[in-house]
Amino acid sequence: MPTSLVPTSTLDVITVEVIRSALESLAEQMTDTMERTSYSLLLKEGKDCSSSIFDVSGRLVAEGANIPVHLNALGPCLRAMLQEHIPASDMKPGDIILTNDPYVGGSVGAHHTSDFIVYHPIFLGDRLIGFSTIFAHLAGSGGNDPEGWHTTIFEEGLRIPPIKLFNEGVLDEQLFKMILANTNSPYEQRGDILGQVAGAKVGSNGFLALVEKYGLSAIDEAIDSQIDYAERRTRSYISQIADGRYSAETTLLEDGSMCGPVKLALTVIVDDDEITFDFTGTDPSVAGPINCPMSATISASLFGLLSLLPTDIPKNEGSSNPVHIVAPEGTLVNPRFPAAVYQRMAVTHQIVDLVFEALAPAVPTAVVANSCGMVYCVASAINRDSHPDGGDVSGRRGWGNGAGPSVGGLGARATKDGLTGMPGWITNVASTSIESSEVEGPVRYLRKELRPGSAGPGKYRGGLGVILSWRALGNEVKFSHTSQRSVIPPHGLFGGGSGGVSRWIINEGTPAAHILANQAGPTLDLEFGDTVTFYAPGGGGYGDPLERDSARVARDCQLGYIDAAQAEADYGVVLTLDGLVDIPKTAALRSSRAVASAPPIFPSSIAAANNERRTIL
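To keep things clear, this report deals only with the structure shown in the data block.

How each quantity is defined
Residues numbered from 1 in each chain as written. Predicted model: local features only at pLDDT ≥ 70, side-chain atom pairs only at ≥ 80, totals over all residues. Heavy atoms only, no water. Phe/Tyr/Trp six-rings, centres within 6.5 Å; stacked < 30°, edge-to-face > 60°. Helix = DSSP H or I, 4+ residues; strand = E, 2+ residues; numbered from the N terminus. Buried < 20%, exposed > 50% of the residue type's maximum accessible area, 1.4 Å probe, protein only. Pairing = 2+ DSSP bridges. Contact = heavy atoms within 4.5 Å. Axes fitted to C-alpha atoms, helices over the stretch in contact; angles between N-to-C directions. Expected span 1.5 Å × (residues − 1). Parallel < 35°, antiparallel > 145°, perpendicular 65-115°, else oblique. Left-handed = near helix turned anticlockwise from the far one by under 90°. Nonpolar A, V, L, I, M, F, W, Y, C, P; charged D, E, K, R; others polar. Arc of directions from axis to C-beta. Polar contact = N/O pair within 3.5 Å; in protein donor to acceptor, adjacent residues only side chain to side chain.

## A few points about the packing of aromatic side chains
Step number 1: By the definition in use, this model includes 8 aromatic pairs.
Step number 2: Arranged with centres 5.3 Å apart and planes meeting at 85 degrees, the rings of Y103 and F337 form a pair that is edge-to-face. With Y103 in the loop between β3 (96–99) and β4 (115–124) and F337 in the loop between β11 (323–326) and α10 (345–359), the pair connects residues that are 234 residues apart, well separated along the chain.
Step number 3: Judged by its relative accessible area of 10%, Y103 is buried.
Step number 4: With relative accessibility at 41%, the residue F337 sits in the partly exposed group.
Step number 5: Look at W399 and W470: their rings are 5.3 Å apart centre to centre, the planes differ by 85 degrees, and that puts the pair in the edge-to-face class. Placement of W399 in strand β13 (residues 396–399) and of W470 in strand β17 (residues 466–472) is noted, with a sequence separation of 71 residues between them. You'll find W399 and W470 in the same group, each marked buried.
Step number 6: One aromatic cluster is present, built from ring pairs that chain together W399, W470, F479, W504 and F534.

## Quick word on the sheet that holds strand β2 (residues 60–63)
Step number 1: One open sheet accounts for 7 strands, arranged β2-β1-β5-β4-β3-β6-β7; its pairing is antiparallel. Looking at the sheet topology across the chains shown, the edges are occupied by β2 and β7 (170–171).
Step number 2: Pairing between β3 and strand β6 (residues 163–167): 3 bridges, direction antiparallel. Its bridge partner being in β6, I96 is matched across the sheet by F166.
Step number 3: Relative to the sheet, helix α4 (residues 74–84) contacts β1 (49–55), β3, β4 and β5 (127–137), its axis offset from that of β4 by approximately 65 degrees.

## Overview of α10
Step number 1: Look at α10: 21 Å from first C-alpha to last across 15 residues, which is about the 21 Å you get at 1.5 Å a residue.
Step number 2: Across the 15 residues of α10, 15 count as buried, placing the element largely inside the fold.

## Examining the packing of helix α1 (residues 13–37) against helix α6 (residues 186–214)
Step number 1: Direction vectors running N to C along α1 and α6 enclose 160 degrees, while the axes themselves pass 7 Å from each other. With respect to α6, the axis of α1 lies roughly antiparallel. Judged by the sense of rotation from one axis to the other, the crossing of α1 with α6 is right-handed.
Step number 2: Across the contact of α1 with α6, the residue classes tally to 13 nonpolar, 10 polar and 1 charged.

## Examining helix α13 (residues 564–571)
Three or four residues apart is the spacing at which side chains of an α-helix point the same way, because the helix has 3.6 residues per turn.
Step number 1: Turning to α13, its buried residues are Q566, A567 and Y571. Down the axis of α13, the sector holding all buried residues measures 105 degrees, keeping them to one side. Opposite the buried face of α13, at more than 90 degrees from it, the exposed residues are A565 and A569.
Step number 2: Taken together, the buried residues of α13 touch α12 (550–558) and α14 (583–594).
Step number 3: Residue D563 occupies the N-cap position of α13, its side-chain oxygen lying 3.2 Å from the main-chain nitrogen of A565.
Step number 4: Phi turns positive, to about 65 degrees, at G572, one or two residues after α13.

## A look at the pairing of β4
Step number 1: Within β4, 9 of the 10 residues are buried, leaving the element largely enclosed by the surrounding structure.
Step number 2: Both β3 and β4 contribute to a ladder of 3 bridges, which runs antiparallel. Considered in β4, the bridge of I97 is made with Y119.
Step number 3: Alignment of β4 against β5, held across 10 bridges, turns out to be antiparallel. The residue bridging F116 from the neighbouring strand is A136, located in β5.
Step number 4: The turn joining β4 and β5, which pair antiparallel and follow one another in sequence, is formed by 2 residues; a positive phi near 70 degrees is taken by G125.

Shown next as structure tokens:
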């Protein structure tokens, strides 16, 4: 491979960078357009959509800084569509193609049936020159009970194979009517799909404007240069990791709920400047919705690597060229039709943590301790007095967990504490406000606050989990939940402690209070006035807690993140009655603790390669 890390092109470097930045900005404009024209709360506030631009051969050119689990799935689906459904020769200017089928090309399509993908072929005259694409989670899809415990894809709503929604600029009204006839929220879904189309058109028009300004040959040359540059930079990074096999595994549904426990195994194989993510040893797919389509497995694996790379490496096709993924067919990470897949995020969150755990011995300063994992809390009810309009066709109005899916504490890093009260890495959705949720649905939120004591201790502590509590103010209440880390906590790294585990409580603080026995389960029926409270996990810590700056421990106490007892037990920091560090007692306590046996560097699930390990940036 070339040794220079400077982009290779006959164009000057400044022009190449200007074109790259313009393409990335264009992808962001596509997402912004969809968010501002959509109807559903999930999109207009949750921003659960992503945009990418591809060249005519299906190579990723640029993407928005959107939802990681979406982005890396668009390319495999596009290439499968071109090969198996609609070849490029059948496309015309003005065509717009739609799909939500997870089983395109095996299982490299949409992640689940609520994820709609729009492809807008970009034509210069009659010549196809690229694709503008948007991936979005649409309301009203996924069947009658989207977050329920499905056993096959047939319970998860309408599947749409790649099909032309617009033919040469003309909307196929009959097809659109058929799609909207299969949703319980036709008003919202119609607006969302048309918003998605509008965003894709912004991408197509913007790409053509760049071609008009610079010329197609210059655009193609800049794209080739940037893809080549990203690949060489990525290979350079991988080559600094010692060759070997780095392994980790974990258990999903470890509390035995539904179809659990289920094993997820990963071996990361580094060979010179290439890297393989091998999921051999993972359990077979299950009769439940947590199966992960290959498209989502690709997304999560690539995100795990790309998040370790220097931030100035462009995210395009070149970044993924040195990456190989082995996911045995019929397993949890590459299910066969007709396995259910709606809650595949249960696997993708764990894949990211496994990538970090496995590579921790090789790249200790780049990885992150375990995070909160997936959290789904979806409810709905009917109240025609407070919410007479909108909702689905029965008047049912829904709400989520008040802060976006998968909210909790994220793992600590080598030089910083973990992020607090945030969606997990692979999700990256915006936090929907409580006020918006209460406007949209018959619900009142009682608590949305940080969860004291939930952060894993460490030289750098994990992020805090949250406490979310709401009261249903409607009738015929339906409540679905799936979470993780209820038994096996989020692990720390390099001596860092584990974060707190999760739990769900119905009607907390009343005689009818009960803790849900399982972290996941079928949809439950609740009554008007019932409350649901969720205690989200905190992130794992990084490094020996005894090395944490005692002033920072005291500060955490002042903020209510921990109490004085936890400061002493976890950090060896003794506080005075007024909250100041008792320096002599702290020094003595930490000294006595230091002579004890050192904590393990890694979780017991990690079996690192026996080879000489190098630390890289």
